[in-house]
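# Understanding the architecture of this molecule
The primary structure of each chain is shown beneath.
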Amino acid sequence: MTSSTPEQRRADALRMAAMAEGAKRGEAQAAQVLIDGFVATARERGIAPEPLVATQLDGRRVRTDKVGWYVNNKKSVAVGESGEWFVLTVPSSTWGRLRGVKLEPSLPELVVGRGGRDGESGDLADFLQRMLERAT
């Protein structure tokens, strides 16, 4: 029976975390290629971005400082006009309701709604293609 020391366990945990972060960054790079292609095609076809609205955790909808294209019907994620990836669920705040919220881009994912139970998950490529088909 092999017994590991706390130092070995910590080193293993750090190594696993680094591998997971590397995989996440690799996925984000692949997703960004798809997003950039979508933005270029949307512009070529004259599909205009629209002002993005976020949903606070209390369910209220609030204005944001960004424009883009909603990726899913739930309008919980969007692509910004410059190819940014936005998650449109934000903390609840009175200030946000009054003034709107400032969105910060997130790392994009190749699977939209991963782990979600709302029936609206799937490959990013499929969601982007459907957005283009609906707009034409």
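Structure shown above.
Within each chain, residues carry numbers counting from 1 in the order of the written sequence. Two thresholds apply to this predicted model, a pLDDT of at least 70 for residue-level local features and 80 or more for giving and counting side-chain atom pairs, whereas whole-chain, interface and lining totals are computed over all residues. Values reported for side chains reflect all heavy atoms of the structure, with hydrogen atoms and water molecules removed beforehand.

All right, on to the overall build of the protein chain then. Helix and strand definitions here come from DSSP, where helices need a minimum of 4 consecutive H or I residues and strands a minimum of 2 consecutive E residues; each element is numbered from the N-terminal end. Scanning the protein chain for helices and strands turns up 3 helices and 7 strands. Element order for the protein chain, N to C, with α for helix and β for strand: α-β-β-β-β-β-α-β-β-α. Taking 2.2 N^0.38 as the reference for a compact globule, 136 residues should give roughly 14 Å; the C-alpha atoms of the protein chain span a radius of gyration of 18 Å, well beyond that estimate. Across its three principal axes, the protein chain shows a C-alpha extent of roughly 65 × 40 × 25 Å. Out of the 136 residues belonging to the protein chain, those deemed buried represent 31%. In the protein chain, 52% of the contacts between residues at least 6 apart in sequence involve partners at least 24 apart. Carbon and sulfur atoms form 53% of the exposed surface of the protein chain, whose accessible area is close to 8,800 Å². Between the centroid of the 20 positive side chains of the protein chain and the centroid of its 18 negative side chains there is a distance of 6 Å. The globule rule used for comparison is 2.2 Å times the number of residues to the exponent 0.38, while the radius of gyration itself is calculated over C-alpha atoms. Burial classes: relative accessible area under 20% of the type maximum marks a residue as buried, over 50% as exposed, and values in between as partly exposed (1.4 Å probe, protein chains only). Any two residues having at least one pair of non-hydrogen atoms within 4.5 Å are treated as being in contact. Note on areas: Shrake-Rupley with a 1.4 Å probe; residue coverage comes only from the protein chains shown. Within this scheme the basic residues Lys and Arg register as positive and the acidic residues Asp and Glu register as negative, but His and the chain ends are omitted. To locate a charge, take NZ of a lysine, CZ of an arginine, CG of an aspartate or CD of a glutamate.

A few words now on the sheet that holds strand 3 (residues 77-80). As summarised here, the arrangement of the 5 strands in space is 4-3-2-1-5, forming an open sheet in which the pairing is mixed. Lying at the two open borders of the sheet, with one neighbouring strand each, are strand 4 (85-87) and strand 5 (89-90). The criterion for strand pairing is that DSSP finds at least two bridges linking the strands in question. Judged from the 2 bridges that link them, strand 1 (residues 50-56) and strand 5 form a sheet pairing that is parallel. Bridge assignment links Thr-55 to a residue of strand 5, and that residue is Thr-89.

Here a helix's expected span is defined as the number of its residues, less one, multiplied by 1.5 Å. Under the 1.5 Å per step criterion, the end-to-end length of helix 3 (residues 124-135) is 17 Å for 12 residues, consistent within 8% with the ideal 16 Å. Of all the positions in helix 3, only Leu-124, Phe-127, Leu-128, Met-131 and Leu-132 are classed as buried. Buried residues in helix 3, looked at end-on, bunch into an arc of 135 degrees, giving them a common side. The arc in question is formed by the directions pointing from the helix axis toward the C-beta atoms.

What follows concerns the pattern of salt bridges. Salt bridges are identified by distance alone: a Lys or Arg side-chain nitrogen within 4 Å of an Asp or Glu carboxyl oxygen. The final tally for this structure, using the stated rule, is 3 salt bridges. By sharing partners, the salt bridges in this structure join Asp-58, Arg-60 and Arg-97 into a single network.

Bringing unusual backbone geometry into the picture now. Residues other than glycine seldom take positive phi values, yet Lys-75 does so here, at roughly 60 degrees. In this fold, Lys-75 is placed in the loop between strand 2 (61-70) and strand 3. Of the residues examined, Lys-75 reaches a relative accessible area of 32% and is grouped as partly exposed.

Turning our attention to the nonpolar core. Take the buried residues of types Ala, Val, Leu, Ile, Met, Phe, Trp, Tyr and Cys, join any two whose side-chain atoms come within 4.5 Å, and each joined set is a nonpolar core. Among the nonpolar cores identified, the biggest contains 17 residues, and Phe-38, Trp-69, Val-71, Val-79 and Trp-85 are the most heavily contacted of them. Only helix 1 (6-44), strand 3 and helix 3 provide two or more residues apiece to this core. Ignoring any residue separated from it by four or fewer positions in sequence, one finds Trp-69 in contact with Phe-38, Val-39, Ala-42, Ile-47, Ala-48, Pro-49, Leu-52, Ala-78, Val-79, Gly-80, Glu-81 and Met-131. Within the second largest apolar cluster, 10 residues are counted, among which are Leu-52, Val-62, Leu-88 and Val-101.

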